[in-house]
Amino acid sequence: MGLAGCLTLILLTITLTVKACPPSDQAALQAIKAALYEPSLGIFDTWTGNDCNAYYGVSCDPVTDRVAEITLRGESEDVILQKTGGSGFMSGTISPDICKLDQLNTLAIADWKGISGEIPACLTSLSGLQFVDLAGNNISGEVPADIGKLNKLTFLSLSDNMISGKIPASIVNLWSLKHLDLSNNRIFGELPNDIGKLRRLNRLLLSQNQLTGSIPSSISNIQSLVDFDLSMNRISGSVPFQLGSMRVLSSLSLNNNLLSGEIPATLLSSFGLNVVNLSRNNFDGFLPDVFHPKTYFLSFDISFNNLKGSIPQTIRSAMFFGHVDLSNNHLCGLIPEGLPFEKLEAASFENNDCLCGSPLEDCKG
């Protein structure tokens, strides 16, 4: 064989060697595959050979050839999912062997509906994890107690599962976290008092659980928070007035809880909030008269409470109101004329003590 042929063979050997992931990673992926069952798309048919980059949903680090990402989603626009109209089904469990992929930074096994079992406790040993999405499955058990060890984690979604237990106290140590979604599970207990340590959070989504206790005032320390959803729980006590001073908070959903006391004036006078849902609680007192020309609500729902008094006339000075629901309270008096009320239907005001005027009946006398 000539010199050129030898060089070609050497280069080919190097190329093949570079493309092969370590046997330990290959073995871990095969164990993960064995624990999952996907009957219709043939996803795991691609999980063969020593080039892990060729496995569907798997990506390796270009330098080390170690497995860096696993992304398997049951609902996406991927061509492979068009066979089922955009969604798939997978059952089985997440094998603890996933923890042998110690260079993993992204784990997304989401929206498969039938994946059950528990989150492997050893997952918290993967110190490089930045993104974890296990939403939309049938996972049970608890959030690992030492989840706070994953200090590089920026995204954590475990929503739409059957996870129970309490929110681990260590979760406040996830100082890099920007997105936390534990909604639609069976999580109980109270929110950590020091949850305000998660200062980089943009979204805190905890709806449809069995959470109790009060709203920690420390949440107002999360000045990057845009979306806070605590709806459909058993939260009691009053709403911290500090929430109204959060600079970028735009969506606040506290509906379907056991909250009481007066609605803080700071919430309704906020310059940033544009979606507020406080419905189906036990708020009482008067509706704060704090509306102003920069008031801008896409949705404003305070229905099914115990509010009394009249609708503040200053509400007419607001820049914009989209959806408004003041029904099922104890409000009384004349409904203000003009925008936004002239475009609202009677359902927005029904079942109050003595509201009158358009779109309800005319006031008597």
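Every residue gets a number counted from 1 within its own chain, in the order that chain's sequence is written. Confidence filtering applies because this is a predicted model: local features only for residues at pLDDT of at least 70, side-chain atom pairs given and counted only at 80 or more, and all residues used for totals across whole chains, interfaces and linings. The side-chain numbers reported here are obtained from all heavy atoms of the structure, hydrogens and water having been left aside.

Observations concerning the UniProt feature "domain: Disease resistance R13L4/SHOC-2-like LRR" (unreviewed entry) in the protein
UniProt positions are given in the numbering used here, feature names are shortened, and annotations may be inferred rather than shown by experiment. Here, the residues flagged by UniProt with the feature "domain: Disease resistance R13L4/SHOC-2-like LRR" (unreviewed entry) are residues 146–270. Each helix is a run of DSSP H or I of at least 4 residues and each strand a run of E of at least 2, with the numbering of both proceeding from the N terminus. Taken end to end, residues 146–270 has its terminal C-alpha atoms 37 Å apart, with 3% of it in helix and 22% in strand.

Remarks on the nonpolar core
Nonpolar cores were defined as sets of buried Ala, Val, Leu, Ile, Met, Phe, Trp, Tyr and Cys residues, with membership established by side-chain atoms within 4.5 Å. The buried label goes to any residue with under 20% of its type's maximum accessible area, the exposed label to any with over 50%, and the partly exposed label to all in between, with areas taken from a 1.4 Å probe on protein chains only. One finds Leu29, Ile70, Ile98, Ile219, Phe228 and Phe300 to be the most contacted residues of the largest nonpolar core, which totals 97 residues. Sorting the residues of this core by element identifies helix 2 (23–34), strand 2 (58–60), strand 3 (67–73), strand 5 (106–110), helix 3 (265–268), strand 19 (296–301) and strand 21 (320–325) as the ones contributing at least two each. Sequence-distant contacts of Ile70, defined by excluding residues within four places in its chain, comprise Leu29, Ile32, Gly57, Ile98, Leu101, Leu104, Thr106, Leu107, Ala108 and Ile109. Whether two residues are in contact is decided by their heavy atoms: any pair within 4.5 Å suffices.

Considering the sheet that holds strand 4 (residues 90–93)
For two strands to count as paired, DSSP must find a minimum of two bridges between them. Strand order across the open sheet formed by three strands is 1-4-6, with mixed pairing between neighbours. Either end of the sheet is taken by a strand with one partner, and the two such strands are strand 1 (36–37) and strand 6 (113–116). Relative to strand 4, strand 1 runs antiparallel, the two sharing two bridges. Residue Leu36 lies in a different strand from strand 4, and its bridge partner there is Gly92.

So, the packing of aromatic side chains
Only rings of Phe, Tyr and Trp enter the pairing, Trp through its six-membered ring, and a pair is recorded when the two centres are within 6.5 Å. The plane angle decides the type: under 30 degrees is stacked, over 60 is edge-to-face, the rest tilted. Taken as a whole and judged by the stated rule, the model has nine aromatic pairs. Centre to centre, the rings of Phe297 and Phe300 are 5.1 Å apart; their planes meet at 40°, and the pair counts as tilted. The same class applies to Phe297 and to Phe300, which are both buried. Between the aromatic rings of Phe297 and Phe321, the centroid separation amounts to 5.4 Å while the plane-to-plane angle is 45°, which identifies the pairing as tilted. With Phe297 in strand 19 and Phe321 in strand 21, this pair connects stretches of sequence that are 24 residues apart. On the basis of relative accessible area, Phe297 is assigned to the buried category, the value being 1%. Relative accessible area serves as the criterion here: at 3%, Phe321 is assigned to the buried category. When the ring centre of Phe304 is taken as reference, the NZ or CZ atom of Arg280 above it lies at 3.8 Å. Any Lys NZ or Arg CZ found within 6 Å of a ring centre and within 35 degrees of that ring's normal is scored as a charge over the ring.

With respect to a nonpolar patch on the surface
A contiguous nonpolar surface patch, about 370 Å² in accessible area, is contributed by Tyr296, Leu298, Met319 and Phe320. Looking at the secondary structure, you find Leu298 in strand 19. Patch membership is restricted to residues that have no salt bridge and whose relative accessible area is over 30%. Joining uses 9 Å for like charges and 5 Å for the nonpolar side chains Val, Leu, Ile, Met, Phe, Trp and Tyr. Methods summary: accessible areas were calculated by the Shrake-Rupley approach with a probe of 1.4 Å, and residue burial reflects only the protein chains presented. Each reported salt bridge corresponds to a side-chain nitrogen of Lys or Arg within 4 Å of a carboxyl oxygen of Asp or Glu.

Topic: the sheet that holds strand 16 (residues 258–261)
One open sheet holds the three strands; their spatial order is 14-16-18, and the pairing between them is parallel. The open sheet terminates on both sides in strands that have one partner only, identified here as strand 14 (236–237) and strand 18 (282–283). When strand 16 meets strand 18, the two strands line up parallel, connected through two bridges. Following the sheet pairing, Ser260 is matched in strand 18 by Asn282.

Considering the state of the cysteines
By disulfide we mean two sulfur atoms from cysteines, separated by a distance within 2.5 Å. Enumeration over the complete set of coordinates arrives at four disulfides. Sulfur-sulfur distance for the disulfide between Cys99 and Cys122 comes to 2.0 Å. Torsion about the S-S bond of the Cys99 and Cys122 cystine: about 80°, corresponding to right-handed handedness. With Cys99 in the loop between strand 4 and strand 5 and Cys122 in the loop between strand 6 and strand 7 (131–133), this pair connects stretches of sequence that are 23 residues apart. Given a relative accessible area of 27%, Cys122 falls into the partly exposed group. The partner cysteine of Cys332 in its disulfide is Cys354, sulfur to sulfur 1.3 Å. Its torsion about the S-S bond being -110°, the disulfide of Cys332 and Cys354 is classed as left-handed. Remark: Cys354 occurs in strand 23 (residues 354–356) and Cys332 occurs in strand 22 (residues 330–334); sequence separation between them is 22 residues. Its relative accessible area of 35% is what places Cys354 among the partly exposed residues. What connects to what in the protein, once the bonded cysteines are numbered by sequence position, is 1-2, 3-4, 5-6, 7-8. No disulfide involves Cys60; its nearest neighbouring cysteine sulfur is the one of Cys52, lying 4.9 Å away.

Details of the confidence of the model for the protein
Overall, the predicted model of the protein reaches an average pLDDT of 91, with 93% of residues at or above 70. As a per-residue quantity, pLDDT reports the predictor's confidence and falls between 0 and 100. Low pLDDT, under 50, characterises residues 1–18; the predicted model gives this stretch three contacts beyond four residues in sequence or across chains.

Some details on the pattern of salt bridges
Enumeration according to the criterion identifies eight salt bridges in this entry. A salt bridge links Asp25 to Arg66, with the nearest nitrogen and oxygen atoms 2.9 Å apart. Placement of the pair is Asp25 in helix 2 and Arg66 in the loop between strand 2 and strand 3, with a sequence separation of 41 residues. Here the two residues Asp25 and Arg66 agree in accessibility, since each one is buried. A salt bridge links Asp102 to Arg66; the shortest N-O distance between them is 2.8 Å. Remark: Arg66 occurs in the loop between strand 2 and strand 3 and Asp102 occurs in the loop between strand 4 and strand 5; sequence separation between them is 36 residues.

What about unusual backbone geometry?
The amide bond that connects Ser358 to the next residue, Pro359, takes the cis arrangement and shows omega of 10°. The topology assignment puts Pro359 in the segment after strand 23. Unusually for a residue other than glycine, Lys113 sits at a positive phi of about 70°. If you check the backbone angles, Asn351 has positive phi at about 60° while not being a glycine. Relative to the elements of secondary structure, Asn351 occurs in the loop between strand 22 and strand 23.

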